[in-house]
Amino acid sequence: MTLQRLSSATVLPETVTGPTFDRTKLRPGIVHFGLGAFHRAHQAVYTQKALEAEFGPWGIVAVNLRSPEPVKAIAEQDGLYSITVRDTEGDRSQVIGSTVDWICAADQRDQVLAYLASPDIRIVTLTVSEKAYGLHPTTGGLDPDHPSVAADLQNPQAPVGPIGFIVEGLALRRNLDVAPFTVLCCDNLPSNGKILRRLVLDMANRRDPALAEWIAENGAFPSSMVDRIVPAATEETRQRASRLLGVEDALALDTEPFLQWVIEDEFVSGRPQWEAAGALFAVDVEPYEKMKLRLLNGSHTLLAHLGLLDGLECTRDVMTVERHVRDVERHLNTVVKTLDPVPGIDLSAYIQQLLQRFANPTIAHRCAQIAMDTSQKIPQRIFGPAVEVLGQGEDGAAYAHVVGVWLAAVCRLQDCNDPRRDELLSAAAKSSDEQPSAPFFKIPGLFPQALIDSHAWRALVDAEMKQWR
Ligand code: CS2
């Protein structure tokens, strides 16, 4: 029997929660770039809860930059989809309906620009992944050779990348005398608001210095720390959702119960009551970002590559191997020493909670998913703290360990899913038994200079790699 698709006509079973506000009254107020799993199980959930607490014009216009598939799927479901929140206590299904419109930017650029220029849109949020920003690996500014940055510099009125869309959107607003929208980065980058501001001002400045000045004076780029483990959906995810919903949901996701969002309260044109949904507004998000990137994401990178080396599929499988658990614990207990106190957080309880989250047996978080794009993720997770502790006279062994495990996995598998794949694989092919890491340190802009210059640290990376040869 084929089931019907989830839609606004669906009568949900009593066990499933759905939006409690009148969706027909919801108006667009936020443009979100990146209709991926993370956004659907994070910002869209917070926005739904905020709307339930205090209704307002904060519907989400979900924009996917390239792939039309999720846009088509959400259109077929009237903007609705479900998440299944899973732990050992059971499965809870929630239908999320905070999305009011959906666009694939590659097919309908003008529609995206019309929204960005509209005074109704007061916030632009982003989850486009680290590699999409066009961040220069050594300067930390805009990389003019990044494909979408290059295209947007060449052709600013017909943007293709996130920075190009934001700059063009702000330029249109300035011409129309409309105040800027707040730009809220939700990707795993340190001081993500500051980084994004720098990239936007850099692109705007190359176009028209007066535009850059206007943005600098009137715009806002709060930083935010986001957290929820959301594995990529599988057929099993969708089948489970159908059983719980009684209808088919092509966008169904599994996720853990944990949910966190810490945001700098710096919005130029208002915002939803996300605190009513549990978000924390802080004057300085940096301590939270550092904690999360170094503890959660850094250990994830370690876990994922241990899994790849040992042929284990998911993080939960790695967490059943005693020596890997010890290894992750060691990493966490070393890294935590680089952190300043984080307001309201007991770091040892946070670490214990992380170990439980990684081991959640109901969440199939694939090691390969986490290992994707490691060259773009590892600077903020591992290199940053490594440079810091080397500068303080420590040996940085914990970080050399993670790097060694990563490079060993690239050499062993002779493959990786990474924008720098070709360079990494050619370094792997040149890797010798003597100094296996040497060719990787020659890849331009991959490692920071302080790590390249530390022979003692590189020897630790080599020692780690040798154990896996
Ligand atoms: C993971 C993150 O794929 C990865 O690199 O480390 O997506 C992680 O699951 C999230 O940041 C958790 O909030």
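Residues numbered from 1 in each chain as written. Predicted model: local features only at pLDDT ≥ 70, side-chain atom pairs only at ≥ 80, totals over all residues.

K.L.:
Got a minute to help me understand the overall build of the chain in this structure?
P.N.:
Helix and strand counts for the chain come out as 20 helices and 11 strands. Computed over C-alpha atoms, the radius of gyration of the chain comes to 22 Å, within 12% of the 23 Å expected from 2.2 N^0.38 for 469 residues, which places it in the range of a compact globule. Taken along its principal axes, the extent of the C-alpha atoms in the chain is 65 × 55 × 40 Å. Evaluated residue by residue, the chain yields a buried proportion of 50% over its 469 residues. In the chain, once contacts between residues fewer than 6 apart in sequence are set aside, the share between residues at least 24 apart is 77%. (Helix = DSSP H or I, 4+ residues; strand = E, 2+ residues; numbered from the N terminus. Rg over C-alpha atoms; globule rule 2.2 N^0.38 Å. Buried ≥ 20, exposed ≤ 12 C-beta atoms within 10 Å, placed from the backbone. Contact = placed C-beta atoms within 7 Å.)

K.L.:
Please explain the sheet that holds strand S11 (residues 280-282) as it appears in this structure.
P.N.:
Sheet strands associate in pairs through backbone hydrogen bonding, adopting either a parallel or an antiparallel arrangement. The strand order across the open sheet built from three strands is S8-S10-S11, with neighbouring strands paired in mixed fashion. With partners counted over all chains shown, the strands left at the sheet margins are strand S8 (224-227) and S11, one partner each. Ignoring which end each strand starts from, the neighbouring axes of this sheet average 20 degrees apart. Here S8 pairs with strand S10 (residues 260-264) via four bridges, running antiparallel. For valine 226, the partnering residue across the bridge sits in S10 and is tryptophan 261. (Pairing = 2+ DSSP bridges. Axes fitted to C-alpha atoms, helices over the stretch in contact; angles between N-to-C directions.)

K.L.:
Before we go on, may I ask you to explain the packing of helix H16 (residues 397-413) against helix H20 (residues 455-467) in this structure?
P.N.:
The relative placement of two packed helices is expressed as an angle between their axes plus a distance between the axes. At a minimum axis separation of 8 Å, H16 and H20 run at an interaxial angle of 45 degrees. With respect to their mutual orientation, H16 and H20 come out oblique. The handedness of the crossing between H16 and H20 is right-handed. When H16 is examined against H20, the residues Ala397, Ala400, His401, Val403, Gly404, Val405, Leu407 and Ala408 are found in contact with a partner set consisting of Trp457, Leu460, Val461, Glu464 and Met465. Taken together, the residues that form the contact of H16 with H20 break down as 10 nonpolar, two polar and one charged. (Parallel < 35°, antiparallel > 145°, perpendicular 65-115°, else oblique. Left-handed = near helix turned anticlockwise from the far one by under 90°. Nonpolar A, V, L, I, M, F, W, Y, C, P; charged D, E, K, R; others polar.)

K.L.:
Looking at this model, I keep getting lost on the domain arrangement of the chain. Mind explaining?
P.N.:
Many descriptions give the size of an interface as the accessible area lost when the pieces come together. Under the domain assignment, the chain is made up of domain 1 (16-283) and domain 2 (286-467). The C-alpha centroid of domain 2 is placed 28 Å from the C-alpha centroid of domain 1. Facing 23 residues of domain 1, the contacting portion of domain 2 comprises 24 residues. Listing elements by their share of the side of domain 1 that touches domain 2, those giving two or more residues are strand S3 (81-87) and S8. Counted by class, the side of domain 1 that touches domain 2 contains 10 nonpolar, six polar and seven charged residues. (Domains from an automatic or database assignment.)

K.L.:
Explain the packing of helix H7 (residues 192-207) against helix H8 (residues 209-218) to me, please; I cannot follow it from the model alone.
P.N.:
The N-to-C vectors of H7 and H8 enclose an angle of 150 degrees; their axes lie 5 Å apart at closest approach. As judged from the angle between their axes, H7 and H8 are roughly antiparallel. Judged by residue contacts, Val200, Leu201, Ala204, Asn205 and Arg207 of H7 engage Pro209, Leu211, Ala212, Ile215 and Ala216 from H8. Looking at side-chain class alone, the contact of H7 with H8 contains eight nonpolar, one polar and one charged residues.

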